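Descriptive analysis of the structure
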Amino acid sequence: MRVLGVETSCDETGVAVYCTDRGLLAHAVHSQIALHARYGGVVPELASRDHVRKLAPMIGQVLEEAGLKRRELGGVAYTRGPGLVGALLVGAAVARSFAWGLDVPAVGVHHMEAHLLAPMLEADPPAYPFVALLVSGGHTMLVQVAGLGRYRLLGTSVDDAAGEAFDKTAKLLGLPYPGGPELERLARTGNPARFRFPRPMTDRPGLDFSFSGLKTATRNTVLDQGADARADIARAFQDAVVDTLAIKCRRALEQTGAEALVVSGGVGANGALRERLAQVAERAGARVHYPRMELCTDNGAMVAYAGACRLLGGERAPLSFDVVARWPLESLRPPGEDVSPHGTGRAV
Ligand code: KG4
Ligand code: ZN
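**With respect to the pairing of strand 2 (residues 12-19)**
Within strand 2, 8 of the 8 residues are buried, which leaves the element mostly enclosed by the surrounding structure. Every second residue of strand 2 is oriented toward a common face, with Glu 12, Gly 14, Ala 16 and Tyr 18 on one face and Thr 13, Val 15, Val 17 and Cys 19 on the other, all of them buried. The pairing of strand 1 (residues 2-7) with strand 2 spans 6 bridges and is antiparallel. Opposite Leu 4, over in strand 2, you have Val 17 as the bridge partner. Here strand 1 hands over to strand 2 after 4 residues, the two strands then running antiparallel side by side. Where strand 2 meets strand 3 (residues 23-31), 8 bridges bridge the pair, whose relative direction is antiparallel. Among the inter-strand pairings, Cys 19 is bridged to a residue of strand 3, identified as Gly 23. Here strand 2 folds back onto strand 3, and the loop between the two strands holds 3 residues.

**Here we look at the domain arrangement of the chain**
Examined at the domain level, the chain breaks down into domain 1 (2-116 + 295-347) and domain 2 (127-290). Summarising the inter-unit geometry, the C-alpha centres of domain 1 and domain 2 are found 27 Å apart. Each partner contributes to the interface: domain 1 provides 23 residues, whereas domain 2 provides 23 residues. Where domain 1 packs against domain 2, one counts 1 salt bridge. Across the pair Arg 150 and Glu 337 runs a salt bridge, and its minimum N-O distance is 3.4 Å.

**Observations regarding the coordination of the zinc ion (ligand 2)**
Distances from the zinc ion (ligand 2) to its protein donors, His 111 (NE2), His 115 (NE2) and Asp 298 (OD), fall within 2.1 Å. For the zinc ion (ligand 2), the single-chain donor residues occur in sequence as H-x3-H-x182-D. Of this pair, His 115 sits in helix 4 (residues 111-117) while Asp 298 is found in the loop between strand 10 (287-289) and helix 10 (300-312), placing the two residues 183 residues apart along the sequence. Here His 115 and Asp 298 have matching classes, each one buried.

**With respect to the layout of surface pockets**
By volume, the second largest pocket amounts to about 240 Å³. What lines the second largest pocket is a set of 13 residues, among which Arg 235, Gln 238, Asp 239, Ala 272 and Glu 275 lie closest to the centre. Looking at the lining of the second largest pocket residue by residue, the class counts come to 3 nonpolar, 3 polar and 7 charged.

**Some words on the side chain of Glu 315**
Structurally, Glu 315 can be placed in the segment after helix 10. We classify Glu 315 as buried; its relative accessible area is 5%.

Cut-offs used in this document
- Residues numbered from 1 in each chain as written.
- Chains lettered and ligands numbered in written order.
- Predicted model: local features only at pLDDT ≥ 70, side-chain atom pairs only at ≥ 80, totals over all residues.
- Heavy atoms only, no water.
- Buried < 20%, exposed > 50% of the residue type's maximum accessible area, 1.4 Å probe, protein only.
- Helix = DSSP H or I, 4+ residues; strand = E, 2+ residues; numbered from the N terminus.
- Pairing = 2+ DSSP bridges.
- Domains from an automatic or database assignment.
- Contact = heavy atoms within 4.5 Å.
- Salt bridge = Lys/Arg side-chain N within 4 Å of Asp/Glu carboxyl O.
- Donors = N, O, S within 2.8 Å, 3.2 Å for Na, K, Ca; no water.
- 1 Å grid on protein atoms, 1.4 Å probe; cavity = no way out; pocket = protein on both sides within 12 Å on 5 of 7 lines; lining within 4 Å.
- Points joined across faces, edges and corners; volume = space filled by probe spheres on them.
- Nonpolar A, V, L, I, M, F, W, Y, C, P; charged D, E, K, R; others polar.

Printed below as a string of structure tokens:
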């Protein structure tokens, strides 16, 4: 089955075609960074309008790259949530209508489930069960994954998400939006011995995260030290985040006895985090799996893949689609077991 995937939950338009026999056939991502940069963050209305402009031409382009006619698609998957409602609506409306026009099933995908499954697109995919660290701009979660739709939340951030902490700290350091990759670049030239920031919530049991104290410590140091300490501050901040995430991942592997650790979401593109988690996993006798860099951040390929899994399981979105700004990952069920109106497997 060939499935078109559409991602529009935030500031990237992502389109892809995944084939259940041949893997990923084509994918394209259009980033809105330039559009939002002057505002220092995502402007939801501008995001929606840009998805309107880009989505249809991108679908044409990706089908052409995949060498496919529309009729050769067997299903369409779109991100149903969580995310910005206006942005989600664009993708859902276009994808749902497209599927209706082709008379193929559609399915609404959970954005974080898609992130979590992204390493399945790689040559050496993880086997269930595994532990997943999902670190993006909106979420920080440790999840025990028993199978598709079988998720147990082990820990989550009680305040800012990891990516949000990166973005806010980068802003404090005068770096452009989105700050994560910029901060990583600056941190490379920083002296790791000059400052040491707290590793929040690592001294007590449990797998929850908190990044607001670290953000305050960083802010105070910026105010104290001035501009010439920027690289050293960036380094100390990144080291503290990486350490915190690594400590919790180690605990999660110990607690669950899992043999694989999946790391996904935008912050999973961070090189220092990748290096550190490789060590953590090795020591725990586990393997760490990442999607390739371009599939760590938002993309249509992960949506096409997650959608294909759910479509194969018989899940179908109704014709009357909706989108959801908030949608707890733990509320998902395997396809076929879903009791919600989305994914009942009912013919529409
Ligand atoms: O998953 P994603 O593309 O979008 C959301 O679903 O949120 O994640 C975006 C987040 C942003 O906060 C961005 O600054 C962060 O991921 N990010 C990074 C890096 N690349 C992206 N953070 C740290 N280091 C990076 N290299
Ligand atoms: Zn994301």
